[in-house]
Amino acid sequence: MSEVTDLLTALRNGDMTVEQVAERFRRLAWRHPAPPDGPAPADPEPPLPDSFEEVVMAYSRHELTDTQYEALLRAATTRAQNRPG
């Protein structure tokens with residue numbers, strides 16, 4: 001499992017609020033999948049752990065509401081103020 005998966009599970013279970021998960025998302029060191037060489041494979045690869053792909057897949061499985069997805073997307077693309085870099 002990845003930290004992103006754990007956070008999404010905590011959100012679905014009600015152990016964390018969307019605001020708490022969003023705060024963690026702002027601090028994550030997101031991994032970025034490499035672009036595919038050539039056409040997309042017939043059997044897509046599983047989502048890269050600790051990448052936003054995990055969030056997209058959860059949303060496509062209807063595990064996140066539109067509002068939750070939008071909040072997490074904003075958080076993942078916004079740096080925390082005290083995050084280096």
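Predicted model, so just to flag it, every value in this text is computed and none were measured.

Novice: Honestly, the overall build of the chain in this entry has me stumped. Any pointers?
Specialist: In terms of regular secondary structure, the chain is built from four helices and zero strands. Going from N to C terminus, the chain has its helices and strands arranged as α-α-α-α. Per-residue burial over the chain gives 31% buried out of 85 residues. Contacts spanning at least 24 positions in sequence make up 52% of the contacts within the chain whose residues lie at least 6 apart. About 6,000 Å² of surface is accessible on the chain, with carbon and sulfur atoms providing 53% of the total.

Novice: Would you take a moment to explain the nonpolar core for this structure?
Specialist: The nonpolar side chains of a soluble globular protein tend to be buried, and buried together. L8, F25, W30, V55 and L72 are the most contacted members of the largest nonpolar core, which has 21 residues in total. Those residues in contact with L8 that sit more than four places away from it in its chain are F25, E54, V55, A58, L64 and L72.

Novice: How should the pattern of salt bridges be read in this particular structure?
Specialist: Charged atoms that come close allow side chains of opposite charge to pair. For the coordinates displayed, the defined rule picks out five salt bridges. Salt-bridge contacts for E3 lead to R24; the nearest nitrogen and oxygen are separated by 2.9 Å. Of this pair, E3 sits in helix 1 (residues 3–13) while R24 sits in helix 2 (residues 18–27), and the two are 21 residues apart along the sequence. Residue classification places E3 among the partly exposed positions, given a relative accessible area of 32%. Across the pair E63 and R12 runs a salt bridge, and its minimum N-O distance is 3.1 Å. You can see E63 sitting in the loop between helix 3 (53–60) and helix 4 (66–76) and its partner R12 sitting in helix 1, a full 51 residues away along the chain. E63 gets classed as partly exposed once you look at its relative accessible area, which sits at 27%. Via salt bridges that share partners, R12, R61 and E63 belong to a single interconnected network.

Novice: Got a minute to help me understand the environment of W30 in this structure?
Specialist: Its location among the elements puts W30 in the loop between helix 2 and helix 3. In this structure W30 comes out as buried when scored by relative accessible area, which is 13%. Between the C-alpha atoms of W30 and S51, which are 21 residues apart in sequence, the distance is 5.4 Å. Ignoring any residue separated from it by four or fewer positions in sequence, one finds W30 in contact with V4, F25, D50, S51, F52, V55 and A76. Polar side-chain contacts of W30 include one of 3.2 Å to the backbone oxygen of F25.

Novice: It is not clear to me how the side chain of Q68 should be interpreted in this structure. Could you clarify?
Specialist: Position of Q68 relative to the elements: it lies in helix 4. A distance of 2.9 Å separates a polar atom in the side chain of Q68 from the backbone nitrogen of T65. Apart from residues no more than four positions distant in its own chain, Q68 is found in contact with L11, V18 and E63.

Basis of the calculations
Residues numbered from 1 in each chain as written. Predicted model: local features only at pLDDT ≥ 70, side-chain atom pairs only at ≥ 80, totals over all residues. Heavy atoms only, no water. Helix = DSSP H or I, 4+ residues; strand = E, 2+ residues; numbered from the N terminus. Buried < 20%, exposed > 50% of the residue type's maximum accessible area, 1.4 Å probe, protein only. Contact = heavy atoms within 4.5 Å. Areas by Shrake-Rupley, 256 points an atom, 1.4 Å probe, with all protein chains shown as cover. Core = buried A, V, L, I, M, F, W, Y, C linked by side-chain atoms within 4.5 Å. Salt bridge = Lys/Arg side-chain N within 4 Å of Asp/Glu carboxyl O. Polar contact = N/O pair within 3.5 Å; in protein donor to acceptor, adjacent residues only side chain to side chain.

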